[in-house]
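Each chain is listed here by its residues.
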Amino acid sequence: MVNLALVWAEKYQEENAGVRISVTGGGSGTGLASLVNGTVDIANASRSIKTEEKEQLEQAGHQAVEYVVASDAIAVIVNPENPVQNLTLEEISRIYKGEINNWAELGGENRPIVRLSRETNSGTHVYFLEEVIRLGSKEDKNIFAPDTLLLPSSEGIITEVRDNPNAIGYDGLGYVTPDVKVIAVAKDRSLPYVKPTIQTVINGTYPISRDLYMYTNESPSQAVQDYLAWIYGPEAQEIVSDLGFVPVSTKQSANGE
Amino acid sequence: MASKARTSIHYGEFIITLLIRTAGYLSVLFVLLISLFLIREAVPAMFKVPADALFNTRWYPIEGLYGIFPLLTGSLTITIGASLIAIPLGLLTAVYISEIAPPWTKEILKPLVEILAGIPSVVLGFLGILVLSPFLRETFNLPTGLTALTGSILLGWAAIPTIVSVSEDALNTVPSSYREASLALGTTRWQTIWGVTVPSARSGIITAIMLGVGRVIGETMTVMMVTGNAPTMPSGINTILMPIRTMTATIASEMGEVAKGSDHYQVLFFIGLILFVFSLAINIIAFQISSRRIKRSERLLS
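On a predicted model such as this, the values are computed, not experimentally measured, just so you know. (Residues numbered from 1 in each chain as written. Chains lettered and ligands numbered in written order. Predicted model: local features only at pLDDT ≥ 70, side-chain atom pairs only at ≥ 80, totals over all residues.)

1. Quick look at the overall build of chain A
Stated formally: Helix and strand assignments follow DSSP, with helices taken as H or I runs no shorter than four residues and strands as E runs no shorter than two, numbered in order from the N terminus. By the convention adopted here, residues make contact when the C-beta atoms placed from their backbones lie within 7 Å.
Scanning chain A from terminus to terminus reveals ten helices and ten strands. For chain A, the spread of C-alpha atoms along the three principal axes comes to 60 × 40 × 30 Å. At a minimum sequence separation of 6, the contacts of chain A that also span at least 24 residues come to 64%.

Structure (structure tokens):
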């Protein structure tokens, strides 16, 4: 999320001479701890605030105010010729761990599965590893099967999935083109299969997505309020989709504030 | 007056000699500095990462798995594959252009080969992704077209212009009296080419091949786009039809994100050092072969 925050800050400073925003990375915990300590005005976080963090802030005499500024959805994609429509998170995990190697095991045709992934330096790769392959478990030490194709760009993944009926890939929703098939994903068998759309990401039914947050205390300064208002504006939200995240709708921003 | 002109000529000569000498020394200095830098950054990897971990079979750096074995075999597969394609095709093209083609064909072919040399590797990569890889997948009924073979064909293609133009030059320097003498002895054109012209140009041809192979080992962009970058271990002859990951592609795709001084950073430099040693070895072999041939021919002539 630090990339998004950096681009936002850069753009905002370009347009508003005199405003200076410094962005520091380090992870969601770092940002929220700094908010508790009062060293930052805004904490960016790719997860919601923990109860302990909320309590710490209250002990310091402040209330946390949460803003959902964008969402991040990862679509699982296959070739349009592939008859497979739905997969559970566990099935996707087993595919990428190398335990399922033929589409026939998933009700598809008798074809080998070709796994596609982004390179290891991609944040999406790490997120997919932690939340899908390891199903969010910290103890799980599984990694991608060694024959997983690591492609250097999102476009590379889209092209291969479009051309190759054996392929399965994942990519930020922003990169997905209409000529690949998006898989409907269910968290487990008892839950309905959901396709990633801006709607299902916002209402939280699509399982491979996360909200991106900004936190302030209860009385942000005028400058911070202006910045947050700009972030919910069309220009900043366009940056959100440019970077492959899901923008928040204008309605959502009204709720957020 | 005359002496003044002579002094200024002396000065001019002095300055030009100095410039040329500096340029020569500078290139030596740069090579030394680059090697020193590479060694300084790479050597700590050998102490920080145990040798058995380094020559392991799994490359997954974000979990601390630094097995470079699949990367070595990946580069090797691509190099052998591309050489098998580029060397015969390149040599035959050079022989055709230099010995057989009528002048008007020669005039068309030579610039075309040079244009081929000018195609940027990223464009070759696009061709690979959009045309060659789907074609290979359907022809050989492969799970995916992003394989070592795809990379080999494209890199072979990239190496052909180097091989053609250098070995064509070598063939051209063979004195026409050799050919005439051979033909006068009643040999056919083919016998002259195979028995006289090509062996006489041998050292130049070997240099051409080595330059071509050097190009293949160091090529990055195309292989990164078309070989699938999966760090798999080779399994017999089928390896050529499977995705592989080369050393160059690994460095290119991972260097941008590593923290300076980390294990991962130093292992990447270690891989760079291996590549450097590879191409150094190729150059030394090429130099040895070509200088040995010159000596022998000199002996024959004297």
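2. Side note on the overall build of chain B
Stated precisely, the cut-off is as follows: With C-beta atoms placed from the backbone, a residue is buried if 20 or more other C-beta atoms are within 10 Å of its own, exposed if 12 or fewer are, and partly exposed between those counts.
A count of helices and strands for chain B gives twelve helices and two strands. The order of α-helices and β-strands along chain B, N terminus first, is α-α-β-β-α-α-α-α-α-α-α-α-α-α. In terms of overall dimensions, chain B has a C-alpha envelope of 70 × 60 × 35 Å along the principal axes. Counting over 302 residues, chain B shows a buried share of 38%. Pairs at least 24 apart in sequence give 75% of the contacts found in chain B among residues at least 6 apart.

3. Focus: helix α9 (residues 234–242) of chain A
Residues and elements named next belong to chain A. Our working definition: What the arc describes is the spread of directions from the helix axis to the C-beta atoms.
What α9 keeps buried is the set A236, Q237 and V240. Buried positions in α9, seen along its axis, are confined to an arc of 95° and lie on one side of it. Away from its buried face, by an angle of more than 90 degrees, α9 presents the exposed residues P234, E235, E238 and D242. Looking at the packing, one finds that the buried side of α9 touches α1 (2–15), β2 (65–78), α8 (222–231) and β10 (246–247).

4. Here we look at the interface of chain A and chain B
The following threshold applies: Only Asp, Glu, Lys and Arg are considered charged, only Ala, Val, Leu, Ile, Met, Phe, Trp, Tyr, Cys and Pro nonpolar, and every remaining residue, Gly among them, polar.
Residue-level contacts link 21 residues of chain A with 23 residues of chain B. Listing elements by their share of the side of chain A that touches chain B, those giving two or more residues are β5 (149–151) and α6 (154–163) of chain A. When grouped by side-chain class, the residues that make up the side of chain A that touches chain B number ten nonpolar, seven polar and four charged.

5. Points about unusual backbone geometry
The backbone of L135(A) shows a phi angle near 50°, a positive value even though the residue is not glycine. With respect to the helices and strands, L135(A) occurs in the loop between α5 (123–133) and β5. Residue classification places L135(A) among the partly exposed positions, given that 15 C-beta atoms sit within 10 Å. Its identity is not glycine, yet N229(B) carries a phi of approximately 55°, on the positive side.

6. Comments concerning the nonpolar core
This is how it is decided: Core membership is restricted to buried Ala, Val, Leu, Ile, Met, Phe, Trp, Tyr and Cys residues, and these are joined into a nonpolar core through C-beta atoms within 7 Å.
Counting residues in hydrophobic clusters, the biggest one holds 115 residues, and the most contacted among them are V76(A), I77(A), Y215(A), L155(B) and I163(B). Of the residues forming this core, the biggest block, 14 residues, is contributed by helix α6 (residues 148–172) of chain B. Setting aside anything within four residues of it in sequence, one finds L155(B) in contact with I78(B), A82(B), V216(B), E219(B), T222(B) and V223(B). By size, the runner-up hydrophobic cluster in this structure holds 14 residues, among which are A42(B), I68(B), L71(B) and Y265(B).

7. Things to note about α6(B)
Residue and element names in this part refer to chain B. To keep things clear, this is the line we draw: Any helix carries an expected span of 1.5 Å times its number of residues minus one. Fitting axes to the seven residues ending at a residue and to the seven starting there, one defines the bend at that residue as the angle between these axes.
Between its first and last C-alpha, α6 extends 35 Å over 25 residues, near the 36 Å set by a 1.5 Å rise per residue. Of all the bends in α6, the greatest reaches close to 30° and is centred on A159; the proline P161 follows between one and four positions later. Burial analysis of α6 places 23 of its 25 residues in the buried class, the great majority of the element.

8. Some points on the environment of S71(A)
Residue and element names in this part refer to chain A. Its place among the elements puts S71 in strand β2. Its 22 C-beta neighbours within 10 Å are what place S71 among the buried residues. When residues no more than four places from it in sequence are discounted, the contact partners of S71 are V201, I202, S209, R210, D211, L212, F245, V246 and V248.

9. Some details on the packing of helix α5 (residues 121–140) of chain B against α6(B)
The description of two helices packed together rests on the angle between their axes and the distance between the axes. Residues and elements named next belong to chain B. For clarity, the cut-off: Lines fitted to C-alpha atoms define the axes, with helix axes restricted to the stretch in contact, and inter-axis angles between N-to-C directions lie between 0 and 180 degrees. An angle below 35 degrees is read as roughly parallel, one above 145 as roughly antiparallel, one from 65 to 115 as roughly perpendicular, and any other as oblique. Here a crossing is taken to be left-handed if its near helix is turned anticlockwise relative to the far helix by less than a right angle, and right-handed if that turn runs clockwise.
It is at 10 Å that the axes of α5 and α6 come closest, and there the two elements cross at 135°. In terms of orientation, α5 lies oblique with respect to α6. The crossing of α5 and α6 is right-handed. Facing S121, L124, G128, L132, S133 and L136 of α5, the residues of α6 in contact are L149, T150, I153, L154, W157 and A158.

10. Considerations on the packing of helix α4 (residues 103–118) of chain B against α6(B)
Residue and element names in this part refer to chain B. At their nearest, the axes of α4 and α6 sit 8 Å apart, and the two run at 140° to each other. By the angle between their directions, the pair α4 and α6 is classed as oblique. The handedness of the crossing between α4 and α6 is left-handed. Residues V113, E114, L116 and A117 of α4 touch α6, and the partners they reach there are I160, P161, T162, V164 and S165. For the contact of α4 with α6, the residue count by class is six nonpolar, two polar and one charged.

11. Here's the deal with the pairing of β2(A)
Residues and elements named next belong to chain A. Rules: DSSP calls a pair of strands paired once it identifies at least 2 bridges connecting them.
Here β2 lies mainly inside the structure; eleven of its 14 residues are buried. Pairing between β2 and strand β9 (residues 209–216): eight bridges, direction antiparallel. Across the sheet, Y67 pairs through a bridge with M214, a residue of β9. Strand direction decides the pairing type here: β2 and β10, joined by two bridges, are antiparallel.

12. Section: the pairing of strand β6 (residues 167–172) of chain A
Consecutive residues of a regular strand have side chains that alternate between opposite faces of the sheet. Residue and element names in this part refer to chain A. Most of β6 sits inside the fold, with six of its six residues counted as buried. Note that β2 and β6 share five bridges and pair antiparallel. When the sheet's bridge partners are listed, I74 is paired in β6 with G172. Two strands pair when backbone bridges link them, and strand β4 (residues 114–118) and β6 are joined in this way by two bridges, in the parallel orientation. Residue pairing for β6: V114 is matched across the bridge by A167.

13. So, the environment of I240(B)
Residues and elements named next belong to chain B. Structurally, I240 is set in the loop between α10 (221–226) and α11 (247–254). With 19 C-beta atoms counted inside 10 Å, the residue I240 sits in the partly exposed group. Counting along the chain gives 162 residues from I240 to I78, while the straight-line C-alpha distance between them is 8.0 Å. Leaving out residues up to four positions away in the same chain, I240 has contacts with T77, G81, A148, L149 and S152.

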